[in-house]
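Here's the letter readout for the chains.
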Amino acid sequence: MADLKTVPTKASVNKFLKGITDEKKRADCYQILEMMKDATKAEPKMWGTSIVGFGDYHYEYASGRKGDWFIMGFSPRKQNLTLYMMGGFNQFDDLMKQLGKHSTGKGCLYINKLEDVDIKVLKKLINKSVKLVVRNKL
């Protein structure tokens, strides 16, 4: 079984975020950082070179595959802001309809900029997602 390539590092989250050249994206990232920090009650850590993760989560699948990941995280990608949410989105249909302009992958929420979404709805989504993961240990 292959090891995960994305693991926690000792790199500075603040240095990483300060290195974002686009001022608007940098400001959005600091706002997301605070939302996720509040929801997880965890300090952020760099995972690999470009993901800011919060909390620790150990998983083990029926197949025997296991590993460690974060409860929630984000990354300022070139095309969008990517928010990683372990619980997925199926159980949050009502919130997703109210969120605003976004797209999703299996466990990723993609937004171009925070002004495209309703911040109150995003905060609810983040909080509910964290509670789901912690309660169910997905």
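Small disclaimer: the values here were computed from a predicted structure and weren't measured. The residue count restarts for each chain, going from 1 along the sequence in the order it is written. pLDDT decides what is reported in this predicted model: residues at 70 or higher carry local features, side-chain atom pairs at 80 or more are listed and counted, and totals for whole chains, interfaces and linings draw on all residues regardless. The side-chain numbers reported here are obtained from all heavy atoms of the structure, hydrogens and water having been left aside.

Caption draft 1: Molecular detail of the layout of surface pockets. Approximately 380 Å³ is the volume attributed to the largest pocket. A 1.4 Å probe that fits into a set of points on a 1 Å grid over the protein atoms alone but cannot get out defines a cavity; an open set with protein on both sides within 12 Å along at least five of seven lines defines a pocket, and lining residues are those with an atom within 4 Å of a point. Together, twelve residues line the largest pocket, and Tyr61, Trp69, Met86, Lys106 and Gly107 are the ones closest to its centre. Along the lines of polarity and charge, the residues of the lining of the largest pocket split into eight nonpolar, two polar and two charged. Grid points are joined across faces, edges and corners, and a volume is the space filled by probe spheres set on the points. Gly counts as polar in this scheme, as do all residues outside two lists: the nonpolar Ala, Val, Leu, Ile, Met, Phe, Trp, Tyr, Cys and Pro, and the charged Asp, Glu, Lys and Arg.

Caption draft 2: Broad picture of the side chain of threonine 40. Strands are runs of DSSP state E lasting at least 2 residues, helices are runs of H or I lasting at least 4, and numbering of each runs from the N terminus. Assignment of secondary structure puts threonine 40 in helix 2 (residues 23-40). Residue threonine 40 is classed as buried on the basis of its relative accessible area of 15%. Polar contacts here mean pairs of N or O atoms no more than 3.5 Å apart (in protein, one a potential hydrogen donor and the other a potential acceptor; neighbouring residues in sequence count only if both atoms are side-chain atoms). A distance of 2.8 Å separates the side chain of threonine 40 from the backbone oxygen of methionine 36, its partner in a polar contact. Pairs of residues are marked as contacts when any of their non-hydrogen atoms sit within 4.5 Å. In this structure threonine 40 touches Phe54, Met72 and Val130, once residues within four positions along its chain are discounted. A 1.4 Å probe rolled over the protein chains alone gives each residue an accessible area, and that area as a share of the maximum for its type sets the label: buried under 20%, exposed over 50%, partly exposed in between.

Caption draft 3: Structural view of the pattern of salt bridges. We define a salt bridge as a contact between a side-chain nitrogen of Lys or Arg and a carboxyl oxygen of Asp or Glu at a distance within 4 Å. Applying the stated criterion across every chain, the model contains five salt bridges. The closest approach of N and O atoms between glutamate 43 and lysine 37, which form a salt bridge, is 3.4 Å. Classification of lysine 37 as partly exposed rests on a relative accessible area of 26%. One salt-bridge network, in which partners are shared between bridges, spans Lys24, Asp28 and Glu115.

Caption draft 4: Representation of a positive patch on the surface. A residue counts toward a patch only above 30% relative accessible area and without a salt bridge, and it is joined to like-charged neighbours within 9 Å or, for Val, Leu, Ile, Met, Phe, Trp and Tyr, to nonpolar neighbours within 5 Å. The Shrake-Rupley method, run with a 1.4 Å probe, gives the accessible areas here. Residue values count only the displayed protein chains as cover. Charge counting follows a simple rule: Lys and Arg are positive, Asp and Glu are negative, and His as well as the terminal groups are ignored. To locate a charge, the coordinates of NZ of Lys, CZ of Arg, CG of Asp or CD of Glu are taken. A cluster of basic side chains, namely Lys41, Lys120, Lys123, Lys124, Lys128 and Lys131, defines a positive patch on the protein surface. Relative to the elements of secondary structure, lysine 120 occurs in helix 4 (residues 119-136).

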